[in-house]
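Next come the chains, spelled out residue by residue.
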Amino acid sequence: MFGKGHIAFIIISLIMILCGAALCFKRKPPVEKVLKTGFFLAAAMEMIKMLLSLEIVPVVELGLAGGEFVYRETGRYSPYLLAEHLPFELCSLQIVFLFLAVVIRSEKWKKRIYSVIYGTALIGGTMAILLSSLAPEYDSAADFLSSPRAWEFFIYHAMIIVIAVYIGFGEGCDIHFGDCKWMIAAVALLDFASFYLNSMLSVPAYLHGRLIGLEYAVNFFSSYNNPLGIVVREKWQYMIYLAIRLSAAIAVILLVYLPLYLKDRRRHQ
């Protein structure tokens, strides 16, 4: 993280965000048109991500060799997508939020979805660009900068940030500081669901019918493992982590919505 390639992509992303936002505010397209365009672009990039991340792996079966269990190839192969590539992160869920914002006709619910997109896309997109999970996968800046997957990743996240900024400060959405409650409610609901999702997609290891650990773990929303890599061995430690995590999330949400409060204050003055 923060190697030469990553820093270059951060700068490129910032340029894309500034240019995209400037273009939107200059031409002032209807918000619904921006959201519809964003939805189709996001869906297309999600398909590109899926095709780039797809692996062709051999189908194996468990057998005995020399008194030990081994996996033997059956001669068949199958496409497989690792669980961490599934579209269940906050940024990937923007595809769903954008779709709902386009198809829902209720102005009250449309505004609530706008407020969710504003906060989640702004926070999620910024964190993804600055703390890119892709960065450690590349050995050199040249490999990073020549990777189609990396370009798709940073273009996607720059795009959702532009959409968030236009929702917050363009014409037609009219969201306010008080609307942050809808984002807090949506994030809390998704966070709660992530505990079930992570358990479903992780692979448990049992010995004599007793759970002894996980062979494979996913970590959507960082609800299982903290992003700082601090080892948590006891449930009480985990409860403290969740409390800190919740407090930090609310603080960041309020910080992101603060410019909307200042915008409303200037408007009233």
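Nothing here was measured: the structure is a model prediction, and the numbers come from that model. (Residues numbered from 1 in each chain as written. Predicted model: local features only at pLDDT ≥ 70, side-chain atom pairs only at ≥ 80, totals over all residues. Heavy atoms only, no water.)

Caption draft 1: Layout of the overall build of the protein chain. From N to C terminus, the protein chain includes 8 helices and 4 strands. Along the chain direction, N to C, the helices and strands of the protein chain fall in the order α-α-β-β-α-α-α-α-α-β-β-α. Principal-axis analysis of the C-alpha atoms places the extent of the protein chain at approximately 80 × 45 × 40 Å. Burial statistics for the protein chain: of 269 residues in total, 37% are counted as buried. (Helix = DSSP H or I, 4+ residues; strand = E, 2+ residues; numbered from the N terminus. Buried < 20%, exposed > 50% of the residue type's maximum accessible area, 1.4 Å probe, protein only.)

Caption draft 2: Looking closely at unusual backbone geometry. One non-glycine residue with positive phi stands out, namely K28, at about 50°. Relative to the helices and strands, K28 resides in the loop between α1 (4-27) and α2 (31-53). Residue H208 is not a glycine yet carries a positive backbone phi of 55°. Position of H208 among the secondary structure elements: in the loop between β3 (203-207) and β4 (210-216).

Caption draft 3: Main features of the nonpolar core. Formed by 54 residues in total, the largest nonpolar core has its most connected members in L35, I117 and I167. Within the residue set of this core, elements represented by two or more residues are α1, α2, α3 (94-103), α4 (107-130), α6 (148-169), α7 (180-201) and α8 (235-268). Top element by residues in this core is α6. It accounts for 13 residues. (Core = buried A, V, L, I, M, F, W, Y, C linked by side-chain atoms within 4.5 Å.)

Caption draft 4: Representation of the environment of Y261. You can see Y261 is positioned in helix α8. Owing to a relative accessible area of 39%, Y261 belongs among the partly exposed residues under this scheme. Sequence separation of Y261 and K4 is 257 residues, and the distance between their C-alpha atoms is 37 Å.

Caption draft 5: Structural context of α4. Its 24 residues give α4 an end-to-end C-alpha distance of 34 Å, which sits within 8% of 34 Å, the value for a rise of 1.5 Å per residue. Most of α4 is tucked away: 17 of the 24 residues are buried. (Expected span 1.5 Å × (residues − 1).)

Caption draft 6: Expanded view of a nonpolar patch on the surface. A cluster of nonpolar residues, F2, I7, I11, I15, M127, L130 and L131, forms a patch on the protein surface that exposes about 640 Å² of accessible area. Of all the secondary-structure elements, those providing two or more residues to the nonpolar patch are α1 and α4. By relative accessible area, L130 is classed as partly exposed at 37%. (Patch = residues over 30% accessible without salt bridge, like charges linked within 9 Å, V, L, I, M, F, W, Y side chains within 5 Å. Areas by Shrake-Rupley, 256 points an atom, 1.4 Å probe, with all protein chains shown as cover. Salt bridge = Lys/Arg side-chain N within 4 Å of Asp/Glu carboxyl O.)

Caption draft 7: Structural view of the packing of α7 against α8. Relative orientation of the contacting elements α7 and α8 amounts to 150°, with a least axis distance of 10 Å. As the angle between them shows, α7 and α8 are arranged roughly antiparallel. Taken as a pair, α7 and α8 cross one another with a handedness that is right-handed. Contacts between α7 and α8 involve C180, M183, I184, D191 and F195 from the first element and Y238, L242, R245, I253, L254 and Y257 from the second. When the residues that make up the contact of α7 with α8 are grouped by side-chain class, the tally is 9 nonpolar, no polar and 2 charged. (Axes fitted to C-alpha atoms, helices over the stretch in contact; angles between N-to-C directions. Parallel < 35°, antiparallel > 145°, perpendicular 65-115°, else oblique. Left-handed = near helix turned anticlockwise from the far one by under 90°. Contact = heavy atoms within 4.5 Å. Nonpolar A, V, L, I, M, F, W, Y, C, P; charged D, E, K, R; others polar.)

Caption draft 8: A look at the side chain of H85. Its place among the elements puts H85 in the loop between β2 (68-80) and α3. A relative accessible area of 18% means that H85 is categorised as buried. Excluding residues within four positions of it along the chain, H85 makes contact with E46, K49 and S53.

Caption draft 9: Main features of α6. Taking 1.5 Å per residue as the helical rise, α6 with its 22 residues ought to reach 32 Å, and the 32 Å between its terminal C-alpha atoms agrees with that figure. In terms of burial, α6 is largely enclosed, as 17 of its 22 residues are buried.

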